[in-house]
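Observations on the three-dimensional arrangement
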Amino acid sequence: MKKEDTVKLISAEGFEFVIDKKAAMVSQTIRNMLTSPGSFAETEHGEVTFPEISTTILEKICQYFYWSLQYASGKETEFHIEPELTLELMMAANYLHT
């Protein structure tokens, strides 16, 4: 996979998730960051840092992006969310417009 086909998402703790750009584009916020005109660092480097999103939550968000692509293509499966992650995950999803 080519580097331009991936995006690096970085959590508050500095953990890096390298995912398919198509999956990351599920988020309207990330899509705007990566496709905005101008010389934004996110656009140039394909990296987005989330200083307010923990590694655990960002990992679940990445899982959701891939699940969402599968669901959109007709594969209906359940997406399990641990109850203890619900509040933080809802806040992150609201910020990311997912």
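Residues numbered from 1 in each chain as written. Predicted model: local features only at pLDDT ≥ 70, side-chain atom pairs only at ≥ 80, totals over all residues. Heavy atoms only, no water.

**So, the environment of alanine 12**
Mapping alanine 12 onto the fold places it in the loop between β1 (6-10) and β2 (16-20). With 41 residues separating them in the primary sequence, alanine 12 and isoleucine 53 have C-alpha atoms 5.5 Å apart. Other than its neighbours up to four places away in sequence, alanine 12 contacts Phe50, Pro51, Glu52 and Ile53. (Helix = DSSP H or I, 4+ residues; strand = E, 2+ residues; numbered from the N terminus. Contact = heavy atoms within 4.5 Å.)

**Examining the packing of aromatic side chains**
Scanning the model with the defined rule gives six aromatic pairs in all. With a centroid separation of 5.0 Å and an interplanar angle of 25°, the aromatic rings of tryptophan 67 and tyrosine 71 are classed as stacked. With tryptophan 67 and tyrosine 71 both in helix α4 (residues 55-72), this residue pair falls four residues apart, about one helical turn. Judged by relative accessible area, which is 17%, tryptophan 67 ranks as buried. Taking relative accessible area as the criterion, tyrosine 71 reaches 43% and is therefore assigned partly exposed. A network of ring pairs unites the aromatic residues Tyr64, Trp67, Tyr71 and Phe79 as a single cluster. The lysine or arginine in question, lysine 60, covers the ring of phenylalanine 79, its NZ or CZ lying 5.1 Å from the ring centre. (Phe/Tyr/Trp six-rings, centres within 6.5 Å; stacked < 30°, edge-to-face > 60°. Buried < 20%, exposed > 50% of the residue type's maximum accessible area, 1.4 Å probe, protein only. Lys NZ or Arg CZ within 6 Å of the ring centre and 35° of its normal.)

**A look at helix α2 (residues 28-35)**
Residues that lie three or four places apart on an α-helix share one face, since the helix turns once every 3.6 residues. By the burial criterion, the buried members of α2 are Thr29, Ile30 and Leu34. What you see down the axis of α2 is that its buried residues fit within an arc of 125°, all on one side. Contacts made by the buried residues of α2 are with β1, α1 (21-24), α3 (41-45), β3 (47-49), α4 and α5 (86-96). (Arc of directions from axis to C-beta.)

**Brief notes about the pairing of β2**
Summarising the sheet, β1 and β2 pair through five bridges and their orientation is antiparallel. Note on β2: the bridge partner recorded for valine 7 is isoleucine 19. The antiparallel hairpin formed by β1 and β2 contains five residues in its connecting segment, where glycine 14 sits at a positive phi of about 90°. (Pairing = 2+ DSSP bridges.)

**Some words on the sheet that holds β2**
Strand order in the open sheet formed by three strands is β2-β1-β3, and the pairing between neighbours is mixed. Strand pairing shows two members of the sheet lacking a second neighbour, β2 and β3, which therefore form its edges. Geometrically, the sheet is characterised by an average inter-axis angle of 20° between neighbouring strands, direction not taken into account. Relative to β3, β1 is paired through three bridges, and the arrangement is parallel. Across the sheet, residue isoleucine 10 finds its bridge partner in β3, namely threonine 49. In this fold α4 packs onto β1 and β2, with an angle of close to 5° to the strand it touches most, β2. (Axes fitted to C-alpha atoms, helices over the stretch in contact; angles between N-to-C directions.)

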